[in-house]
Amino acid sequence: MAQKVPLVDLHAQYRTIQPAIDAAIQSVIERTAFIMGPDVRSFEEAFARFCTATHAVGVASGTAALELTLRACGIGPGDEVVTSAHTFIATAEAISAVGARPVFADIDGQTYNLDAQAAEAALTPATRAILPVHIYGQPAHMDALAALAARHDLLLIEDAAQAHGATWNGRKVGVLGAAACFSFYPGKNLGAYGDAGAVTTNDGRIAEQISLLRNHGRHSKYLHDLKGYGERMDTLQAAILCVKLDHLAQWTDARRRLAARYSELLAGCEIVLPFVDPAANPAWHLYVIRTPARDELLAHLDANGIGAGVHYPVPLHLQPAYADLGYRRGDLPVTETVAETCLSLPLYPEMTDEQQEYVVDTIKKFLDR
Ligand SMILES: *Cc1c(COP(=O)(O)O)cnc(C)c1O
């Protein structure tokens, strides 16, 4: 059956902004200036403003944002970084890429974010940083994590790849730690038409270091102050992101309205609905419910033309790629339970009320079976 409601609908969004997007792309091609330049700078300035940060540095992807941030902070071989295993693998890969060791701590059973007490128990003399992920767009408990980082003199770095525009105690993600890493992967809340990412920070030294590292460590064309990388933000993507950023606040409002409506329509059903911390205003990258009958519900939704997803079915500590770290099933019980029971419902700003009601009715039919 053709999908009646996809998990995300990037085409529907393009239709609403097509003339401006097409003009932005055309303009970059007409100027044949494809590398760096004013579009990247404009986007960086606008995104820094959006996040209320002093600096934003555009890079090639969210993964590059994480890796270059860790490098800029001097994290490397012999160091440990405490993070969540309930995330996309790039969070841990960036830690591995700089030669450090990811140490996975369990998550909170309500928000699915890194638990500060579990993080504290995972600290060793080698720990240099804590890397919480604002999973599904809800900020991690940044008060508890910032206090923990301060007590132990650790860096606090945000993986904000899913949380553009979310707030914690009224403050935007992006300024809640030493630096924050964003992804503009097409399906993210602010999505490019290819790969892109950015780091925001109020620390001028970190920003300067990342802008050197992303562009071969160069100050001028052929003078290289340090050994860097080819991880610049693509100019076409920057031009597209400049157009889309103007709509982000409104798109986030639409996500918040749809999320509240899901919670209202699904109240009282035999499923676990998302919990929102009173200090958080999530950006609702995903609306995630939980049920022990997850796989059956997923199949039922699929059979009825609904594109639900699972984020993420295998936690990082149980991934074959991380077998070398020696974790076993049972080491992170909350993470493992959430991975077995979580299900992401369709959610995107252009979703209609009728589409949402169809998703809700289809879930209710399954639960009443
Ligand atoms: C998407 C994502 C990344 C990686 O971003 P890319 O732009 O795909 O490299 C990192 N962390 C989290 C939590 C993500 O969701």
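Whatever comes next refers back to the structure up there.
(A) Examining helix H6 (residues 142–151) more closely. Here H6 has its buried residues at Met 142, Leu 145, Leu 148 and Ala 149. Taken end-on, H6 shows its buried residues confined to a sector of 125 degrees, consistent with a single buried face. Exposed and oriented more than 90 degrees from the buried face of H6 are Ala 150 and Arg 151. Elements that come into contact with the buried residues of H6 comprise helix H5 (116–121), strand S4 (127–131), strand S5 (155–159) and strand S6 (167–168). One or two positions beyond H6, positive phi appears at Asp 153, with a value near 55 degrees.

(B) Expanded view of the sheet that holds strand S8 (residues 179–183). Reading across the sheet, the seven strands line up as S1-S9-S8-S5-S4-S2-S3 and stay open at both edges, with mixed pairing between neighbours. Single-partner strands in this sheet number two, and they are strand S1 (55–59) and strand S3 (101–105). The sheet shows a mean angle of 25 degrees between the axes of neighbouring strands, direction not considered. Here S4 pairs with S5 via two bridges, running parallel. Paired with Ile 130 across the bridge in S5 is Leu 156.

(C) Examining the pairing of S1 more closely. Of all five residues in S1, four are buried, a share of seventy percent or more. Of the strand pairs in this sheet, S1 and strand S9 (residues 197–201) are connected by five bridges, and their pairing is antiparallel. Opposite Ala 56, over in S9, you have Thr 200 as the bridge partner.

(D) Summary view of the packing of helix H3 (residues 62–72) against helix H4 (residues 90–97). The N-to-C vectors of H3 and H4 enclose an angle of 35 degrees; their axes lie 9 Å apart at closest approach. H3 and H4 meet at a crossing whose hand is right-handed. Here H3 contributes Thr 63, Leu 66, Glu 67, Leu 70 and Arg 71 to the contact with H4, which in turn contributes Ala 90, Thr 91, Ala 94, Ile 95 and Ala 97. Here the residues of the contact of H3 with H4 are counted per class, giving six nonpolar, two polar and two charged.

Quick notes on the rules
Residues numbered from 1 in each chain as written. Predicted model: local features only at pLDDT ≥ 70, side-chain atom pairs only at ≥ 80, totals over all residues. Heavy atoms only, no water. Buried < 20%, exposed > 50% of the residue type's maximum accessible area, 1.4 Å probe, protein only. Helix = DSSP H or I, 4+ residues; strand = E, 2+ residues; numbered from the N terminus. Arc of directions from axis to C-beta. Contact = heavy atoms within 4.5 Å. Pairing = 2+ DSSP bridges. Axes fitted to C-alpha atoms, helices over the stretch in contact; angles between N-to-C directions. Left-handed = near helix turned anticlockwise from the far one by under 90°. Nonpolar A, V, L, I, M, F, W, Y, C, P; charged D, E, K, R; others polar.

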